[in-house]
Structures are given as structure tokens and as C-alpha cells.
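Working through the structure, step by step
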Amino acid sequence: CIRDRFSMVAVHFSSPPRIDASLEEWQMDRFRIESVVFGKENHKGPNDLSGRAMVGWDENNLYLGIRVLDQKYVQNAGGTNLFKGDSLDILIDTDVSGDFYRAALNDDDFQLGISPGSPNPNQDPEAYLWFPKAVEGSRDQIGIAARSRGDGYVVEAAIPWSVFDVTPFNGQHFGFAFSISDNDNANQNIQESMVSFVPIRTLNDPTTWGDLTLIKTAVPITLLDNVPALNPR
């Protein structure tokens, strides 16, 4: 069972990438993160908030390489409130075949947030797991590197598969949605808007998420809809 309408692929790394926010080792598809799924009234266009995401994997980690356009970086929150600042959001259903039609979260559905840093990128970055509730809390074992650019920021992350209680294999697939949250108000911790790869994303309904497939075979590098590539450096 695959929700292939909104699908990403994660390409296998034969050698793990350096987690240094340079993205020089990333030669794979760049997926557009730009569908507004929250706070449409606060979203001022792609320069206010949008991104490109690359996904990789090996036997130890799920890797993310993200280039974000964001005219104003604000992240003064942390822990369970991490989403109330500029941050990344990963939803993953580790048993999508077993509960394909289940429109509610259960203990194989995970929501993970990543802060690039507070108050600036790469200053005390952190990760926080909200779901499943039984194991909610900070995840210090996740490697995160971030850096600021004039028009946004870059994030690179290595997420151990143990965070999701998964042993990965070639061809494995998951329910998946990747999103970016934005706050432009330096005086208040608030989630003003969110853009996602999955335009129908609803947090509490995994049937609205997309799909992620792990592959080892190299594929031609493309950017969806022929949008020019953003320089990740």
C-alpha cells in the first residue's frame, strides 16, 4: 500500500554525509516544500517561507538536507514549543501497510520537530518528538547542523532509525510528510504559518500524509515541475 500521489524517495548513501550544513554530498532529487497547510493569511509568498528537501538513508540513519527560503529567522522557543519558531516537521508512519485506512494516530506514527537553532541557526539546535505520546521528549542523539543565508537557512540532519524503532531495508516505504514552520514575530513564540510537501497534510490523520520509499538504485536528479534548483551552498 503506497500513497504515491505525494511521494518522496530517499537515496542510499554508501558513505554517510558530513553533518555540516554544506549539502555538497547531496546529489539527489530536490522536493518542493511550498504548499501552505497552516496560516495562509500570514504567508506572504515563497520568499517568506518555502523550501527544497533532499532525503537520504543508510543502515544507521535517515538523512535530511534542507534549503529554506525565509526572509526573517525567528526561533526563541524550545522543547515541546519548538514548533512556535522557525523549524522543521517530520511525520512518519512506520506501518503504513498495516493501518493504511486508519485516520487516527497510533503508536507507529511519529511526529518529530527540528529546530535549526535558537536564537540563530546552529546555536543550540535541537530535536523534539511529540508522538507517540508515550515516548515524547527531546532526542539528543539526532545530529543537526544549520547555517544562515541572506535569504534563509540550510539544515542537515542525521536521524537514527532507532528514534522510529525501525530497521531499514531497500524498498521499504513509510507514510511521510515533511513541512516547515515559520514565525516572523520576534516578540512572541507563535507558529504563524506552515508549508508542506503534502498539500492535504493533517497532523492527526495519517491517511492525508504522503509516502517515502528507501532506494539504493541511483535515479536522475530532478526538481519537481522543472523549477530551477536553488544553490544549496
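Refer to the structure above for everything that follows.
To start, this report covers the structure provided alongside it. Everything quoted here is computed from the prediction, not taken from an experiment.

1. Some details on the overall build of the protein
- Regarding its fold elements, the protein presents 0 helices and 14 strands.
- Written out in order from the N terminus, the α and β elements of the protein read β-β-β-β-β-β-β-β-β-β-β-β-β-β.
- Taking 2.2 N^0.38 as the reference for a compact globule, 233 residues should give roughly 17 Å; the C-alpha atoms of the protein span a radius of gyration of 16 Å, in line with that estimate.
- Referenced to the eigenvectors of the C-alpha coordinate spread, the extents of the protein come out at roughly 45 × 35 × 35 Å.
- Counting only residues that meet the buried cut, the protein has 56% of its 233 residues in that class.
- Long-range pairs, those at least 24 residues apart, make up 68% of the contacts in the protein between residues at least 6 apart in sequence.
- Carbon and sulfur atoms provide 46% of the accessible area of the protein, an area that totals close to 10,000 Å².
- When the 19 positive and 32 negative side-chain charges of the protein are each reduced to one mean point, those points stand 5 Å apart.

2. So, the pairing of strand E6 (residues 87-93)
- For E6, the tally of buried residues reaches 7 of 7 residues, placing the bulk of the element in the interior.
- Relative to strand E12 (residues 173-182), E6 is paired through 7 bridges, and the arrangement is antiparallel. By the bridge assignment for E12, Ile 90 is matched with Phe 178.

3. A few points about the pattern of salt bridges
- Per the stated rule, a full pass over the model turns up 9 salt bridges.
- Note that Arg 201 is salt-bridged to Asp 89, the shortest N-O span being 3.2 Å. With Arg 201 in the loop between strand E13 (193-196) and strand E14 (210-215) and Asp 89 in strand E6, the pair connects residues that are 112 residues apart, well separated along the chain.
- Assessed through its relative accessible area of 4%, Asp 89 is described here as buried.
- Three or more residues joined by partner-sharing salt bridges are found here, namely Arg 18, Asp 20 and Glu 25.

4. Observations concerning the nonpolar core
- Residues Met 8, Leu 88, Ile 159, Phe 164, Phe 178, Ile 180 and Leu 212 are the most contacted members of the largest nonpolar core, which totals 44 residues.
- Looking at which element gives the most residues to this core, the answer is E12, with 5 residues.
- With residues near it in sequence (within four places) discarded, Leu 88 still touches Ile 66, Val 68, Leu 112, Gly 113, Ile 114, Tyr 153, Val 155, Phe 178, Ser 179 and Ile 180.
- Leu 23, Trp 26, Ala 145 and Ile 215 belong to the second-largest nonpolar core, a separate cluster that totals 12 residues.

5. Here we look at the environment of Glu 34
- By the element assignment, Glu 34 lies in the loop between strand E2 (31-33) and strand E3 (35-38).
- In this structure, the C-alpha to C-alpha distance between Glu 34 and Ile 142, residues 108 residues apart in sequence, is 25 Å.
- With residues near it in sequence (within four places) discarded, Glu 34 still touches Ser 50, Arg 52, Val 195 and Ser 196.

6. Describing the packing of aromatic side chains
- Inspection of the entire model under this criterion finds 9 aromatic pairs.
- Between Tyr 73 and Tyr 153, the ring centres sit 5.3 Å apart and the planes meet at 80 degrees, which makes this aromatic pair edge-to-face. Residue Tyr 73 is located in the loop between strand E5 (61-69) and E6, and its partner Tyr 153 is located in strand E11 (residues 152-160); the two are separated by 80 residues in the primary sequence.
- On the basis of relative accessible area, Tyr 153 is assigned to the buried category, the value being 1%.
- Ring plane angle 85 degrees and centroid distance 4.9 Å describe the contact between Phe 100 and Tyr 101, whose orientation is recorded as edge-to-face.
- What makes Phe 100 buried here is its relative accessible area of 17%.
- An aromatic cluster of three or more residues is present, and its members are Phe 13, Trp 26 and Tyr 63.

Conventions we followed
- Residues numbered from 1 in each chain as written.
- Predicted model: local features only at pLDDT ≥ 70, side-chain atom pairs only at ≥ 80, totals over all residues.
- Heavy atoms only, no water.
- Helix = DSSP H or I, 4+ residues; strand = E, 2+ residues; numbered from the N terminus.
- Rg over C-alpha atoms; globule rule 2.2 N^0.38 Å.
- Buried < 20%, exposed > 50% of the residue type's maximum accessible area, 1.4 Å probe, protein only.
- Contact = heavy atoms within 4.5 Å.
- Areas by Shrake-Rupley, 256 points an atom, 1.4 Å probe, with all protein chains shown as cover.
- Lys, Arg positive; Asp, Glu negative; His and termini not counted.
- Charge placed at Lys NZ, Arg CZ, Asp CG, Glu CD.
- Pairing = 2+ DSSP bridges.
- Salt bridge = Lys/Arg side-chain N within 4 Å of Asp/Glu carboxyl O.
- Core = buried A, V, L, I, M, F, W, Y, C linked by side-chain atoms within 4.5 Å.
- Phe/Tyr/Trp six-rings, centres within 6.5 Å; stacked < 30°, edge-to-face > 60°.

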